[in-house]
2 protein chains.
Amino acid sequence: MHVAVPLYPRFTALDAVGPYTVLAFTPGWSVTFVAAVPGPVVDDNGKLSITATAAFEDVPRPDVILVPGGPGTVAAMGDEGLLSWIRAAHEHTRWTTSVCSGSFVLGAAGVLTGRRATSHWGWVDQLSAVGAQPVKERVVIDGRIVTAAGVSAGIDMALALLAEAADEETARTVQLAIEYDPQPPFGGADPHTAPGARREAALSLIS
Amino acid sequence: MHVAVPLYPRFTALDAVGPYTVLAFTPGWSVTFVAAVPGPVVDDNGKLSITATAAFEDVPRPDVILVPGGPGTVAAMGDEGLLSWIRAAHEHTRWTTSVCSGSFVLGAAGVLTGRRATSHWGWVDQLSAVGAQPVKERVVIDGRIVTAAGVSAGIDMALALLAEAADEETARTVQLAIEYDPQPPFGGADPHTAPGARREAALSLIS
């Protein structure tokens, strides 16, 4: 399975690297970071650059596309080079996927029309603006379209994808390899029960 | 707070990017990737390069150092440039931290002698070889030395560190921002109860 992860300026690093790490450790899977022009692409905090090793046109037919989110999503939604690559690749993918606000980029490319999809809790309701049916779940699988909630949800999404694309034992083996036995020190962070002041403070960090 | 993350060839990307994403989103914190020579450093899968924006000597006095692990650890344990930077920086850090087999690099630098520390489940027992007291917990805080278990444990470690260095509300706010409400599709991956065959298969993926 060949996975292409398109990078664009101001993507959120963990959106891309969480699923990358899961999928790149899987036997028989490989992951390529692609961009309009090969070279380093700077993330949302401006402190991390990941190198895209191929241009969009070099990878026209990946088996999987995985679109990260981030504050750069708004500009990415108007980037015709990126959108037309997604549109054309999606014609042939086995799975078309996103993390966080990456689902808005899929939506802008026109591939979410009428599909159940999710996104970061701060913006999931707005997915209807790009034609999707918003679903407040951590991972949403609608046929071959798989979307994840915010940032860290990409790890759960990649494991769910592996279980669908390969089998549960493969997913559990990779999960054990990366010791994904999460123990957040203060428990989970359910956005729907979090205090309003914390929700506002959290959104201000990532907008 | 200024965090320096040293990169070396064949580090594991999520070890670095999990905590990076937590800490870089925190108001008042900044993170710099450093290496022997500034430029892209290639990870363990050979498919991802993160750019180090500074040389070790450019960042002699970070408040925090955070050493990722990965298959490159063995070579890194003999890299005197890296080890002497860690040793000198540690004299002045507020926190000295690692993820996964990064604790072996701290150990090789001589800063774990007699300290409680952890590492990936596959190697934690061997930490005594570098003078540490191995502890099978996800995050171990011994004074200003904070170590995490394998790969994904760096996210939990960074949140615990934030709570110590700032306060719990700051940690919970960042956790909500990155929607870290983990829901592994098949539950956690406790290495101590995993079947032996899966443990062996998992180790073969990351060695």
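As the structure is a prediction and not an experimental result, all values here were calculated from the model.

> Please clarify how the environment of Val130(B) should be interpreted in this entry.
All names here are of chain B. Position of Val130 among the secondary structure elements: in the loop between β8 (116-117) and β9 (133-134). Residue Val130 is classed as buried on the basis of its relative accessible area of 14%. Each C-alpha atom of the pair Val130 and Ala109 lies 9.0 Å from the other, and the pair is 21 residues apart in sequence. Ignoring anything within four residues of it in the chain, the contact list for Val130 reads Met77, Phe104, Gly107 and Ala108.

> Just to check I follow, could you spell out the nonpolar core for this structure?
Looking at soluble globular proteins, one finds that nonpolar side chains tend to be buried together. Core analysis: the largest hydrophobic core is formed by 151 residues, its most contacted members being Leu23(A) and Leu23(B). Discounting residues that sit within four places of it in the chain, Leu23(A) has contacts with Val3(A), Trp29(A), Val31(A), Leu66(A), Ala158(A), Leu161(A) and Leu162(A).

> Just checking my understanding: could you explain the sheet that holds strand β5 (residues 54-55) of chain B for this structure?
Within a beta sheet, neighbouring strands are joined by backbone hydrogen bonds and run either parallel or antiparallel to one another. Residue and element names in this part refer to chain B. Ordered by their spatial adjacency, seven strands build an open sheet running β5-β2-β1-β6-β7-β11-β10, and the pairing between neighbours is mixed. Bordering the open sheet on either side are β5 and β10 (139-142), each of which pairs with just one other strand. Taken together, the two bridges between strand β1 (residues 2-6) and strand β6 (residues 64-67) define a ladder with parallel strand orientation. Its bridge partner being in β6, Ala4 is matched across the sheet by Ile65. Packing against the sheet, helix α5 (residues 153-165) makes contact with β6, β7 (95-99), β10 and β11 (145-148), and its axis sits at approximately 165° to β7.

> Please explain the interface of chain B and chain A as it appears in this structure.
When the parts come together, some accessible area is lost, and that loss is often what is quoted as the size of the interface. Between chain B and chain A, the contact holds 65 residues from the first and 65 residues from the second. Taken over both partners, the interface formed by chain B and chain A buries close to 5,900 Å², and the fraction arising from carbon and sulfur atoms is 64%. Our count for the chain B to chain A interface comes out at two salt bridges. The tally of links between chain B and chain A comes to 30 residue pairs in polar contact (both at pLDDT 80 or more). At nine residues, the largest contribution of residues to the side of chain B that touches chain A is made by helix α6 (residues 168-177) of chain B.

> Looking at this model, I keep getting lost on the sheet that holds strand β7 (residues 95-99) of chain A. Mind explaining?
Residue and element names in this part refer to chain A. Read across the open sheet, the seven strands follow the order β5-β2-β1-β6-β7-β11-β10; overall the sheet is mixed. Every other strand in the sheet has two partners, leaving β5 (54-55) and β10 (139-142) as the edge strands with one partner each. One ladder, built from four bridges, connects β7 with strand β11 (residues 145-148); its direction is parallel. In the strand pairing of β11, Thr96 is matched with Ile145.

> Which parts of the structure should I look at to understand the side chain of Arg138(A)?
Take Arg138(A): it is sitting in the loop between β9 (133-134) and β10. With a relative accessible area of 6%, Arg138(A) lands in the buried category. Within the structure, Arg138(A) has its side chain in polar contact with the backbone oxygen of Glu179(B) (distance 2.8 Å). A polar atom in the side chain of Arg138(A) sits 3.3 Å from the backbone oxygen of Asp181(B). Aside from chain neighbours lying at most four places away, what touches Arg138(A) is Thr118(A), Thr147(A), Ala148(A), Ala149(A), Ser152(A), Ala153(A), Asp156(A), Glu179(B), Tyr180(B), Asp181(B), Pro182(B) and Gln183(B).

> Is there a simple way to think about helix α1 (residues 13-24) of chain A in this case?
Every α-helix winds through 3.6 residues per turn, so residues three or four apart in the chain are directed the same way. Residues and elements named next belong to chain A. The terminal C-alpha atoms of α1 lie 16 Å apart, and with twelve residues this matches the ideal 16 Å at 1.5 Å per residue to within 8%. A large share of α1 lies buried, amounting to twelve of its twelve residues. Among the residues of α1, Ala13, Leu14, Asp15, Ala16, Val17, Gly18, Pro19, Tyr20, Thr21, Val22, Leu23 and Ala24 are the ones counted as buried.

> Would you mind showing me how to read the UniProt feature "domain: DJ-1/PfpI" (unreviewed entry) in chain A here?
When the UniProt feature table is mapped to this numbering, "domain: DJ-1/PfpI" (unreviewed entry) covers residues 2-163 of chain A. Secondary structure content for residues 2-163 of chain A is 28% helix and 26% strand, and the end C-alpha separation is 16 Å.

> In this structure, what is going on with the relation of the copies chain B and chain A? I would like to understand it.
What relates the pair of chain copies is a rotation about an axis plus a shift along that axis. Least-squares fitting of chain B to chain A yields an RMSD of 0.0 Å, with the superposition described by an axial translation of 0.0 Å and a rotation of 180°. Considering both components of the superposition, the chain copies are consistent with a two-fold axis. By C-alpha distance to the rotation axis, the residue of chain B lying nearest is Ile50(B), at 2.4 Å. Here 100% of the contact residues of chain B are again contact residues in chain A; the copies associate through an equivalent surface.

> Please explain the confidence of the model for chain A as it appears in this structure.
Detailed reading of the predicted coordinates is not advisable wherever pLDDT falls low. With 100% of its residues at a pLDDT of at least 70, chain A reaches an overall mean of 97. Taken together, the chains of this predicted complex give a pTM of 0.97 and an interface ipTM of 0.96.

> Where do I start with the packing of helix α7 (residues 196-206) of chain A against α6(B) in this structure?
In a packed pair of helices, the relevant descriptors are the angle between the two axes and the axis-to-axis distance. The geometry of α7(A) relative to α6(B) is characterised by a closest axis approach of 8 Å and an angle of 65° between their N-to-C directions. Considering the relative orientation of α7(A) and α6(B), their crossing is right-handed. Contacts between α7(A) and α6(B) involve Arg198(A), Arg199(A), Ala201(A), Ala202(A), Leu205(A) and Ile206(A) from the first element and Glu169(B), Arg172(B), Thr173(B), Val174(B), Leu176(B) and Ala177(B) from the second.

> Explanation requested: the pairing of strand β1 (residues 2-6) of chain A in the structure shown.
Strand residues, when the strand is regular, have side chains that alternate between the two faces of the sheet. Residue and element names in this part refer to chain A. The element β1 is largely enclosed, with a buried count of four among its five residues. Across five bridges, the pairing between β1 and strand β2 (residues 30-35) is parallel. Directly across from Pro6, in β2, lies its bridge partner Val34. Between the parallel pair β1 and β2, the chain is carried across by α1, and the sense of this crossover is right-handed.

> Explain the packing of aromatic side chains to me, please; I cannot follow it from the model alone.
The geometry of an aromatic ring pair comes down to the distance between the two centres and the angle between the two planes. All names here are of chain B. The final tally for this structure, using the stated rule, is four aromatic pairs over all chains. Taken together, a centroid distance of 5.2 Å and an interplanar angle of 40° make the contact between Tyr20 and Phe33 tilted. One end of the pair, Tyr20, is in helix α1 (residues 13-24); the other, Phe33, is in strand β2 (residues 30-35), and 13 residues separate them in sequence. The pair formed by Tyr20 and Phe33 is uniform in burial state, with each residue classed as buried.

The rules behind the values
Residues numbered from 1 in each chain as written. Chains lettered and ligands numbered in written order. Predicted model: local features only at pLDDT ≥ 70, side-chain atom pairs only at ≥ 80, totals over all residues. Heavy atoms only, no water. Helix = DSSP H or I, 4+ residues; strand = E, 2+ residues; numbered from the N terminus. Buried < 20%, exposed > 50% of the residue type's maximum accessible area, 1.4 Å probe, protein only. Contact = heavy atoms within 4.5 Å. Core = buried A, V, L, I, M, F, W, Y, C linked by side-chain atoms within 4.5 Å. Pairing = 2+ DSSP bridges. Axes fitted to C-alpha atoms, helices over the stretch in contact; angles between N-to-C directions. Buried area = accessible area lost by both parts, 1.4 Å probe. Salt bridge = Lys/Arg side-chain N within 4 Å of Asp/Glu carboxyl O. Polar contact = N/O pair within 3.5 Å; in protein donor to acceptor, adjacent residues only side chain to side chain. Expected span 1.5 Å × (residues − 1). UniProt positions renumbered as here; feature names shortened; annotations may be inferred. Least-squares fit on C-alpha atoms with pLDDT ≥ 70 in both. pLDDT = per-residue confidence, 0-100. Left-handed = near helix turned anticlockwise from the far one by under 90°. Right-handed = clockwise from strand over helix to strand, strands pointing away. Phe/Tyr/Trp six-rings, centres within 6.5 Å; stacked < 30°, edge-to-face > 60°.

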